[in-house]
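In case you want the letters, here they are:
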Amino acid sequence: MPDPKQEIDSLSEKLLAWQHEYYQLARPSVSDTEYDRVFDRLQELEKKHPELKKPDSPTLRVGSDLSAELPEVEHTIPVLSLDKAYSAAEVDAWVAKTAKNAEEELSFVVEEKIDGASIVLYYENGVLARGVTRGNGRVGNDVSANIRTIRSVPLRLSQPVSIAVRGEVFLPLDRFDEINAEQEVPFANPRNLAAGTLRRKKSSEVARVPLEIFVYEGYMSGSEEEPFDQHHLVLDYLLSLGFKVNPRLGIFGSACEGPVFRTGSGLEFSSGPLEAVGPFLERMNRGRSGLGYEIDGLVIKVNELAPRERLGYTGHHPRWAIAYKFESPQAVSTVESIDVQVGRTGRITPVARIKPVRIGGSTVSNVTLHNQQYIEALELSAGDQVAVSKRGDVIPAVEKVIEKGESSAPVWAMPETCPSCGEDLSLRGAHHFCTNRRCPDQVRGRINFFIARDQMDIDGLGPETAAVLMDEGLVAGIEDLYTFETEKLNGLPGFGEKKIDLIRRGIEESKKRPFRIVLPSLGIPDLGQKAAELLIEAGFRDIDSLLEAADNRQEERLAEIHGIGEKTAASILESLRDPEIRGQIDALRRAGLNFREEETETHRQLPRIFEGQVWCVTGSFENFKPRSKAMEEVKLRGGRAVGSITGSVSHLLAGEGAGSKLKKARELGIRIVDEDEFLKLLGPERES
Ligand SMILES: NC(=O)c1ccc[n+]([C@@H]2O[C@H](COP(=O)([O-])OP(=O)(O)OC[C@H]3O[C@@H](n4cnc5c(N)ncnc54)[C@H](O)[C@@H]3O)[C@@H](O)[C@H]2O)c1
Ligand SMILES: [Zn+2]
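Residues numbered from 1 in each chain as written. Chains lettered and ligands numbered in written order. Predicted model: local features only at pLDDT ≥ 70, side-chain atom pairs only at ≥ 80, totals over all residues. Heavy atoms only, no water.

Here we take up the packing of aromatic side chains. The final tally for this structure, using the stated rule, is 20 aromatic pairs. Look at Tyr324 and Phe326: their rings are 5.6 Å apart centre to centre, the planes differ by 85 degrees, and that puts the pair in the edge-to-face class. By the burial criterion, Tyr324 is buried, and Phe326 matches it. Over the aromatic face of Trp320 sits the side chain of Arg308, whose NZ or CZ is 3.8 Å from the ring centroid. For the cation-ring pair, Arg344 lies above Phe449, with the distance from its terminal atom to the ring centre recorded as 3.6 Å. (Phe/Tyr/Trp six-rings, centres within 6.5 Å; stacked < 30°, edge-to-face > 60°. Buried < 20%, exposed > 50% of the residue type's maximum accessible area, 1.4 Å probe, protein only. Lys NZ or Arg CZ within 6 Å of the ring centre and 35° of its normal.)

Here you go:
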């Protein structure tokens, strides 16, 4: 039996890392099924050992998709995740229990769970004021300019009401296929594309992606009286205001005689008694492959609004709703061959080339097999007929062998040498590695990683162009991108003046990327975006401080940083001592890349008067509108800004109409600062 504390620690750490990959990078490394399994296991352990439950457990909070690059806004309504069930029977039991415990008779509404990006639309007097991402549930990113490009989001409502509306932004499958066909690096699924698009900084780029929206909750704000007592009436009202409401709906309860129930504005619900919920879920599940968009489940919600409030919320989800998550879509195909790929870190990954098959909205022909152990567990060889799933609609996986191939080939085995450079492979943990840093496939991988959209994002330079540069012998490492003679491209097929100029400008432009992008783009093992952020936050604000730590063997200093373990610290510093990596860093530095954070003028000049302090903000301000601007000032001066009052908060900036946060801050003895004092602290060097 593993020690429960250790298991809780390790599961929490895993989930936090996966959340970062999923929400921030839009690049999950595990399937949703795997994520949900670990999440459920953690929940189970915490139930058994409540004393071991951490105050910041991933089960207590919404996974955050907040981006530091976009302004933050506080939500005025609860914006949470959903509790989950994995079978119709589980949902039935939840419906029965919820109905039984209620003080009044309940009905339930069933909606499709659209697999897109969550958004909250705030309208003031009938006009769209703000579009805000879910963020961490309390604070989201303001993406109003992007939201305004979505045609199905009404800019003005049919009535001058102030209302907050929750919805899901998504990309229809046919449009996704069209857009993806043009990409050098295709997106894994429509959800990643939609979520990534919403957080772009140029709304002109957003406007080119035909995003759509379905809305599913509405909250009248402040002074306006809540005119409805049932959810289906809210949906009907949202439709009448001009919103798009998904028409595939169900409503169940003793008063719902069925089979169809219509509202005034023309919404149609399948209806019936409570017992009809289960069969309805099954029917919707069967019908989902014909939809023009992806759903990953159904949401079952209490229809009566007053009982909803009595049921309340956890920090993670409302107690009045549950998501029925579908099993991942599966298909049967044949393994035509098993190849190996050499990654940028030298890791060797076997990949099954399967007969192309359509699963959950896209065609799959390559499936990763991870490593030798994985293949042995499946007892897989080329020629086998296999079940393939798209787990969590993200990563295709071979689930099992259905029938062995005719040739009765032995289970596939890893080659002894690297297919790219011929070096002997070595085994580290479960994976094989090629340890030759000059291995052509590794170099190719590092260059492609460096130029990719979420790294240095070099305009005009995609993997295909990069391949030409390497094949022509112009570039043999990332540092060469900044020194090769672009004229030499002249005359190559596909390289006109215009294209070459575009590449030149893209490369020049990339020199402006901040240190926190440059550092992880180097492709140093264990030094990804998260680690880079942690290091910079912890005071390693330039490359020299890191190189110094490497030379002085200060592994412990790094390991002390919350979120960086001993192993990671050792691995990062070892790489930074590698003469080859050092040479690369020097070359890139000479080329003019940023190896120091705080690159802007204002940044450098501002005194770091808030260093080590944690600020929270509440109320409204004369000089900071929205109030997130005030927190920007804090961050620019080295402070941290958080969305809620906890023990770690050192200062509360309190404006007009401050309420519960102010009270809580007083109770905790947190230093309270008003607008006048804040302005004095900032001094004359205001950003905005
Ligand atoms: N693979 C990974 O690494 C990884 C990491 C993190 C999360 N995840 C996946 O994400 C899930 C948790 O993420 P989450 O909290 O963003 O989503 P969720 O599955 O808990 O669902 C909640 C969301 O559903 C959306 N939604 C769509 N239609 C809706 C409707 N009709 N009514 C209400 N809500 C509706 C809303 O945006 C809401 O925020 C996990 O269960 C897992 O499947 C995967
Ligand atoms: Zn090699």
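A few words now on the coordination of the zinc ion (ligand 2). Distances from the zinc ion (ligand 2) to its protein donors, Cys418 (SG), Cys421 (SG), Cys434 (SG) and Cys439 (SG), fall within 2.3 Å. Taken together, the four donor atoms coordinating the zinc ion (ligand 2) and their angles of 99 to 116 degrees define a geometry best described as tetrahedral. We note that the donor set of the zinc ion (ligand 2) lies within a single chain, spaced as C-x2-C-x12-C-x4-C. Taken together, the residues Cys421 in the loop between strand S18 (395–403) and strand S19 (426–428) and Cys439 in the loop between strand S20 (431–433) and helix H12 (440–451) connect sequence positions 18 residues apart. On the basis of relative accessibility, which here comes to 0%, the residue Cys439 falls in the buried class. (Donors = N, O, S within 2.8 Å, 3.2 Å for Na, K, Ca; no water. Tetrahedral: all angles 85-135°; square planar, octahedral: opposite > 155°, others 65-115°. Helix = DSSP H or I, 4+ residues; strand = E, 2+ residues; numbered from the N terminus.)

Applying the stated criterion to the full structure yields 43 salt bridges. For the salt bridge of Arg516 with Glu69, the shortest nitrogen-to-oxygen distance reads 2.7 Å. Taken together, the residues Arg516 in helix H15 (residues 515–521) and Glu69 in the loop between helix H2 (32–48) and strand S1 (72–74) connect sequence positions 447 residues apart. Residues joined in a network through salt bridges with shared partners are Asp36, Lys113, Asp296 and Lys325. (Salt bridge = Lys/Arg side-chain N within 4 Å of Asp/Glu carboxyl O.)

On to the packing of helix H17 (residues 543–551) against helix H19 (residues 566–577). Closest axis-to-axis distance for the H17/H19 pair is 9 Å, and the angle between their directions is 100 degrees. Classed by the angle they form, the pair H17 and H19 counts as roughly perpendicular. Facing Leu546, Leu547, Ala549, Ala550 and Asp551 of H17, the residues of H19 in contact are Leu573, Leu576 and Arg577. By residue class, the composition of the contact of H17 with H19 is six nonpolar, no polar and two charged. (Axes fitted to C-alpha atoms, helices over the stretch in contact; angles between N-to-C directions. Parallel < 35°, antiparallel > 145°, perpendicular 65-115°, else oblique. Contact = heavy atoms within 4.5 Å. Nonpolar A, V, L, I, M, F, W, Y, C, P; charged D, E, K, R; others polar.)

We now examine the UniProt feature "binding site: Zn(2+)" (unreviewed entry) in the protein. According to UniProt, the positions carrying the feature "binding site: Zn(2+)" (unreviewed entry) are Cys418, Cys421, Cys434 and Cys439. Spatially, the listed residues are clustered: although they cover 22 residues, their C-alpha atoms lie within 8.7 Å of one another. Summarising the element assignment, Cys434 is placed in the loop between S20 and H12. Not counting chain neighbours up to four residues away, the residues in contact with Cys434 comprise Gly346, Ile348, Cys418, Cys421, Glu423, Leu425, Cys439 and Gln442. Sequence-distant contacts of Cys439, defined by excluding residues within four places in its chain, comprise Val342, Cys418, Ser420, Cys421 and Cys434. (UniProt positions renumbered as here; feature names shortened; annotations may be inferred.)

Let us now look at the sheet that holds strand S12 (residues 295–302). On the basis of which strands lie adjacent, the open sheet formed by seven strands has the order S2-S13-S12-S3-S9-S11-S10 and mixed pairing. On the outer flanks of this sheet lie strand S2 (84–85) and strand S10 (260–262), each paired with one strand and no other. As paired strands, strand S3 (residues 108–114) and strand S9 (residues 249–252) are joined by four bridges and run antiparallel to one another. Bridge pairing links Glu111 to Leu249 in S9. Of the strands in this sheet, S3, S9, S10, strand S11 (268–272) and S12 touch helix H8 (residues 231–241), which is tilted by about 50 degrees from S3. (Pairing = 2+ DSSP bridges.)

A word on the site of ligand 1. What surrounds ligand 1 is a group of 25 residues, the closest being Tyr23, Asp36, Ser81, Lys113 and Glu168. A distance of 2.9 Å separates an oxygen atom of ligand 1 from a polar side-chain atom of Lys84. Taking Ser118, its side chain carries an N or O atom lying 2.8 Å from an oxygen atom of ligand 1. Burial of ligand 1 by the surrounding chains reaches 94%, relative to a free accessible area of 840 Å². Elements that contribute at least two residues to the shell around ligand 1 include exactly helix H1 (4–24), H2, S3, strand S7 (163–170) and S12. Among the elements that take part in the shell around ligand 1, S3 stands out by supplying four residues, more than any other. Residue composition of the shell around ligand 1, by class: eleven nonpolar, three polar and eleven charged. Two domains share the shell around ligand 1, each providing at least three of its residues, namely domain 1 (4–52) and domain 2 (72–325). (Near = heavy atom within 4 Å. Polar contact = N/O pair within 3.5 Å; in protein donor to acceptor, adjacent residues only side chain to side chain. Areas by Shrake-Rupley, 256 points an atom, 1.4 Å probe, with all protein chains shown as cover. Domains from an automatic or database assignment.)

As a further point, take the domain arrangement of the protein. Along its sequence, the protein is organised into domain 1 (4–52), domain 2 (72–325), domain 3 (330–433), domain 4 (440–510), domain 5 (515–599) and domain 6 (604–682). Placing a centre on the C-alpha atoms of domain 5 and another on those of domain 6 gives a separation of 31 Å.

Let us now look at helix H23 (residues 660–667). Along H23, the residues that are buried comprise Lys661, Leu662 and Ala665. With its buried residues spanning 100 degrees around the axis, H23 presents them on a single face. Structural note: H23 exposes Ser660, Lys663, Arg666 and Glu667 on the side pointing more than 90 degrees away from its buried face. Of the surrounding secondary structure, the elements contacted by the buried residues of H23 are S1, strand S21 (614–618), strand S23 (651–654) and strand S24 (671–673). Gly669 occupies a position one or two residues after H23 and carries a positive phi of about 70 degrees. (Arc of directions from axis to C-beta.)

Here four bridges tie S9 to S11, and the two strands are oriented parallel to one another. Looking at S11, one finds that Phe252 is bridged to Gly272. In this sheet, S11 lies alongside S10 in antiparallel orientation, the contact comprising three bridges. Directly across from Phe261, in S11, lies its bridge partner Phe269. Where S10 folds back onto S11 in an antiparallel hairpin, the turn is made up of five residues, including Gly266, whose phi is positive at roughly 105 degrees.

Positive phi is not limited to glycine here, since Glu379 has a value of about 55 degrees. Summarising the element assignment, Glu379 is placed in the loop between helix H11 (372–378) and strand S17 (385–391). Its identity as a non-glycine residue notwithstanding, Asp526 has a phi of 70 degrees, on the positive side. Mapped onto the elements, Asp526 comes out in the loop between H15 and helix H16 (529–537).

A few words now on H16. Of the residues making up H16, those classed as buried are Gln529, Ala531, Ala532, Leu534, Leu535 and Ile536. Contacts from the buried residues of H16 go to H15, H17 and helix H18 (555–559). Just downstream of H16 lies Gly539, where phi reads positive at about 110 degrees.

A few words on the nonpolar core. For soluble globular proteins, the rule of thumb is that nonpolar side chains tend to be buried together. The biggest cluster of nonpolar side chains holds 53 residues, and the ones touching the most others in it are Phe450, Leu481, Tyr482, Leu489, Leu576, Leu593 and Phe595. A domain split of this core shows at least three residues from each of domain 4 (440–510) and domain 5 (515–599). For Leu593, the residues in contact, after removing those within four places along its chain, are Phe450, Met456, Tyr482, Lys511, Val518 and Leu588. Judged by nonpolar contacts, the second largest core, of 41 residues, contains Val153, Phe176, Leu211 and Ile251. (Core = buried A, V, L, I, M, F, W, Y, C linked by side-chain atoms within 4.5 Å.)

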